[in-house]
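Structural description and commentary
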Amino acid sequence: MAVLNIIKYPAEVLKKKTKPVSDFGPGLQKLIDDMIETMYAAPGVGLAANQVGVSKQVTVIDVSSRDETSSLLVLVNPEIIHKEGENSSEEGCLSIPEYTTVVKRAEIVKVKGLDRNGAPIEIEAEGLLARALQHEIDHLNGFLLIDRIGRIKREFFKKRYAREHAISNG
Ligand code: NI
């Protein structure tokens, strides 16, 4: 296993819809293992394959805190099939370091997809897991959390990013 480099905003691969997986062979298994290691090393509660530069519909999620048992979830070709309610909470993203913002999401989601061996799974989730699922599935569809906030907040983010980027480039 290896810790992979996490691709940062505004890279193009983060804005493109990822491709469905049909081959569950060793290549996919290695990608998944590397993504799990990368997520825990970051540390983060979720990671999408395009965040490590691979444009495929694969995500890993673990929202458990340090003193709980792991609740690792590997999802291939996930799709939200039901949304309910509304919840606004602070959110961050490994591809947008040092930035958090309040994002409005559904309170409850139902997701269907495949596990790492290609077997169908269906999950109903609420709270932090529901939020993580929506965030990661957004990634796989080419959306970042800054696409889920108001226009004025997004303009602020872009200005701040441009300013910090200009400074770091001297
Ligand atoms: Ni993210």
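Residues numbered from 1 in each chain as written. Predicted model: local features only at pLDDT ≥ 70, side-chain atom pairs only at ≥ 80, totals over all residues. Heavy atoms only, no water.

1. Looking at the coordination of the nickel ion
Within the first shell, the nickel ion binds the protein through Cys-93 (SG), His-135 (NE2) and His-139 (NE2), at distances of 2.1 to 2.3 Å. Here the donor residues of the nickel ion share one chain and are spaced in sequence as C-x41-H-x3-H. Here Cys-93 is found in strand 4 (residues 87-93), whereas its partner His-139 is found in helix 2 (residues 127-140), with 46 residues between them in sequence. Classification of Cys-93 by relative accessible area gives buried; the value is 9%. (Donors = N, O, S within 2.8 Å, 3.2 Å for Na, K, Ca; no water. Helix = DSSP H or I, 4+ residues; strand = E, 2+ residues; numbered from the N terminus. Buried < 20%, exposed > 50% of the residue type's maximum accessible area, 1.4 Å probe, protein only.)

2. Here's the deal with unusual backbone geometry
Residue Tyr-9 is joined to Pro-10 through a cis peptide bond whose omega torsion reads 5°. In this structure, Pro-10 sits in the segment before helix 1 (26-41). Following Ala-42, the chain continues to Pro-43 via a peptide bond in cis, the omega torsion being -10°. As for its placement among the helices and strands, Pro-43 is situated in the loop between helix 1 and strand 1 (46-48). One non-glycine residue with positive phi stands out, namely Asn-77, at about 50°. Relative to the helices and strands, Asn-77 resides in strand 3 (residues 73-84). Since its relative accessible area comes to 19%, Asn-77 is described here as buried. Despite not being glycine, Glu-98 has its phi angle at roughly 60°, a positive value. Among the secondary structure elements, Glu-98 is positioned in strand 5 (residues 96-105).

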